Amino acid sequence: QVQLVESGGGLVQFGGSLRLSCAASGWTFSAYPMGWFRQAPGKEREFVAALQPMSWSGGISYYAGSVKGRFTISRDNAKNTVYLQMNNLKPEDTAAYYCAAALSKTTGWPTAGYDYWGQGTQVTVSS
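On a predicted model such as this, the values are computed, not experimentally measured, just so you know.

1. Points about the overall build of the chain
Helix and strand content of the chain: 0 helices and 11 strands. Along the chain, helices (α) and strands (β) appear in the sequence β-β-β-β-β-β-β-β-β-β-β when read from the amino end. Here the C-alpha atoms of the chain give a radius of gyration of 14 Å, agreeing with the 14 Å that 2.2 N^0.38 yields for 127 residues. A principal-axis box enclosing the C-alpha atoms of the chain has dimensions of 40 × 25 × 25 Å.

Shown next, in the form of structure tokens:
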């Protein structure tokens with residue numbers, strides 16, 4: 001069974017840093033595109049970052065404009081884990097963060113087209 005489990009969330013001060021982890025089990029995801037999304041109370045889920053596999057045109061990463069320059073997505077294929085390094089955190093970053101995996105490239109990717117989702121990890125940034 002395919003499972004994605006996020007960890008690393010917590011409460012941090014404005015300007016602080018966190019590294020979120022997404023551990024995959026049930027399959028080896030080195031060839032699958034991965035993404036991070038977040039959802040704040042009362043708001044819709046929004047795209048944060050994505051990473052395509054090297055088997056495509058290259059390991060290109062994508063970021064939402066609100067996090068570009070502050071967040072970095074990466075993966076460790078040996079550990080079957082994808083990471084989201086978050087620096088210079090702001091209160092607007094407060095949300096539940098979810099990792100996701102896509103089985104193939106579809107229309108709309110990287111902001112849509114994901115097949116598997118984790119349960120989420122909460123990130124709260126105080127002012």
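2. Concerning the environment of Y62
With respect to the helices, strands and loops of the structure, Y62 is situated in strand β6 (residues 61–63). Look at Y62 and you get partly exposed, because its relative accessible area is 31%. Spatially, the C-alpha atom of Y62 lies 26 Å from that of L11, the residues being 51 residues apart in sequence. Each residue touching Y62, except ones within four places of it in the same chain, is listed here: F47, V48, A49, A50, Q52, W109 and P110.

3. Quick notes on the nonpolar core
Counting residues in each nonpolar core, the largest one holds 35 residues, and the members touching the most others are W36, L84, M86 and Y97. Taken together, the elements giving at least two residues each to this core come down to β3 (18–25), β4 (34–39), β5 (46–51), β7 (71–76), β8 (81–86), β9 (95–101) and β11 (121–126). Not counting the four nearest positions on each side in its chain, L84 is found in contact with L18, R19, L20, W36, V48, A49, F71, T72, I73 and Y97.

4. A few points about the sheet that holds strand β1 (residues 3–7)
Think of a sheet as strands paired side by side through backbone hydrogen bonds, with each pair either parallel or antiparallel. Here 4 strands make up an open sheet; going across it, the order is β1-β3-β8-β7 and the pairing antiparallel. Lying at the two open borders of the sheet, with one neighbouring strand each, are β1 and β7. This sheet shows a mean twist of 15 degrees between the axes of neighbouring strands, independent of strand direction. In this sheet, β8 lies alongside β7 in antiparallel orientation, the contact comprising 6 bridges. Considered in β8, the bridge of F71 is made with M86.

5. So, the state of the cysteines
Counted according to the given criterion, the structure contains 1 disulfide. There is a disulfide in this structure between C22 and C99, and the S-S distance comes to 1.9 Å. A torsion of 50 degrees about the S-S bond marks the disulfide between C22 and C99 as right-handed. Highlighted residues: C22 in strand β3 and C99 in strand β9, separated in sequence by 77 residues.

6. A few points about the packing of aromatic side chains
Counted under the stated rule, the structure contains 5 aromatic pairs. Taking 5.9 Å as the distance between ring centres and 65 degrees as the angle between the ring planes, the aromatic pair formed by Y114 and W117 counts as edge-to-face. Owing to a relative accessible area of 10%, Y114 belongs among the buried residues under this scheme. Judged by relative accessible area, W117 falls into the partly exposed class, the value being 34%. Members of the aromatic cluster, connected to one another through ring pairs, are F37, F47, Y114 and W117. A cation over an aromatic ring shows up here: R45 above the ring of Y98, its NZ or CZ 4.5 Å from the ring centre. Directly above the ring of W117 sits R45, whose terminal nitrogen or CZ lies 4.3 Å from the centroid.

The rules we used
Residues numbered from 1 in each chain as written. Predicted model: local features only at pLDDT ≥ 70, side-chain atom pairs only at ≥ 80, totals over all residues. Heavy atoms only, no water. Helix = DSSP H or I, 4+ residues; strand = E, 2+ residues; numbered from the N terminus. Rg over C-alpha atoms; globule rule 2.2 N^0.38 Å. Buried < 20%, exposed > 50% of the residue type's maximum accessible area, 1.4 Å probe, protein only. Contact = heavy atoms within 4.5 Å. Core = buried A, V, L, I, M, F, W, Y, C linked by side-chain atoms within 4.5 Å. Pairing = 2+ DSSP bridges. Axes fitted to C-alpha atoms, helices over the stretch in contact; angles between N-to-C directions. Disulfide = S-S within 2.5 Å. Phe/Tyr/Trp six-rings, centres within 6.5 Å; stacked < 30°, edge-to-face > 60°. Lys NZ or Arg CZ within 6 Å of the ring centre and 35° of its normal.

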